[in-house]
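# Structural overview
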Amino acid sequence: MKDDQAALGRVITALRADVLCVQEAPRFWRWRRRRGRLAASGGMSVVAGRRLGGVAVLTGPAVRPLHGRGRLLRFFPGLEQRAIAMAVVEYGGHRVAVGSVHLDLDPAARAHHAGQALSMLGEVAERFGALPVLAGDVNEEAGEPAWRLITERLTDCYPLAPRGDGLTFPSRAPRVRIDAVFAAPGARVISCGVAGADPGDLRLATDHLPVLAELSFSGERPG
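Of note, Thr-155 is situated in strand 8 (residues 155-156). The sequence separation of Thr-155 and His-67 amounts to 88 residues, and the corresponding C-alpha distance is 23 Å. Those residues within four positions of Thr-155 in sequence are excluded, and the remaining contacts are Leu-160, Val-181, Phe-182, Ala-183 and Pro-185.

A few words on the nonpolar core. By size, the foremost hydrophobic cluster in this structure holds 26 residues, and its most contacted members are Ile-84, Ala-97, Leu-103, Leu-134, Ile-150 and Phe-182. Secondary structure elements with two or more residues in this core: strand 5 (83-91), strand 6 (94-102), helix 3 (107-128), strand 7 (131-137), helix 4 (145-151) and strand 10 (179-183). For this core, the element with the highest residue contribution is helix 3, accounting for 8 residues. In contact with Leu-134, other than residues within four places in its own chain, are Ile-84, Gly-99, Val-101, Leu-118, Leu-121, Ile-150, Leu-154, Ala-180, Val-181 and Phe-182. Residues Ile-12, Leu-15, Ala-39 and Leu-209 belong to the second largest nonpolar core, which totals 19 residues.

It is worth spelling out helix 1 (residues 5-15) at this point. For helix 1, the complete set of buried residues consists of Ala-7, Leu-8, Gly-9, Val-11, Ile-12 and Leu-15. Contacts made by the buried residues of helix 1 are with strand 1 (19-23), helix 2 (31-41), helix 6 (199-205) and strand 12 (211-217).

Moving on, we come to the sheet that holds strand 12. Pairing in this open sheet of 3 strands is mixed, and the strands run 9-11-12 from one edge to the other. In the strand order of this sheet, the two ends are held by strand 9 (162-163) and strand 12, each with one partner. As paired elements, strand 9 and strand 11 (residues 187-194) share 2 bridges and run parallel to each other. Pairing of Arg-163 across the sheet is with Gly-193, part of strand 11.

About the thresholds
Residues numbered from 1 in each chain as written. Predicted model: local features only at pLDDT ≥ 70, side-chain atom pairs only at ≥ 80, totals over all residues. Heavy atoms only, no water. Helix = DSSP H or I, 4+ residues; strand = E, 2+ residues; numbered from the N terminus. Contact = heavy atoms within 4.5 Å. Core = buried A, V, L, I, M, F, W, Y, C linked by side-chain atoms within 4.5 Å. Buried < 20%, exposed > 50% of the residue type's maximum accessible area, 1.4 Å probe, protein only. Pairing = 2+ DSSP bridges.

Right, dumping it as structure tokens:
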């Protein structure tokens, strides 16, 4: 929320998302109030996240939140504290465990945190009989170590049903795809790509473009 907050609110409204994974959420002065104001700007509510780590999961009125928690990832001296925010939601009789992460710039920490996040999200998904979905800023491109580690367990949604070129950073002239949504094999990807919103708002709201994945869950609920 260090860029144009009015534009950010308009982007969130334009997404019309049932679940929104946030990175670089407010962490300091009045952080709870500021996150709540961010969520309310798009008609959503904060379900998961803690102060440290700067990640959160927001939900809209169409889904029913069942669980929300933030957990710290391993601290590496000299690097920023990282975390995962996890929420379990129910929609149409199906349960989904959603995790929001912001991985480190340091390659070793990034790979370690990717593995940790997958394990933590998997535990929550198993406990609630839910399908896991992990989203966030990976800080590397497809095919690199942390990305490969994630895709050993979950599927990169963009290549399955791409919308647009997928490039997410920097928002004013995107050159790379370092933000992604990864889903369990039981989810059908209808579309995935940079979210549709006013181009001017997208440039003003933040330094990364938001990724929107439309997923369908059918068949028997796991567990």
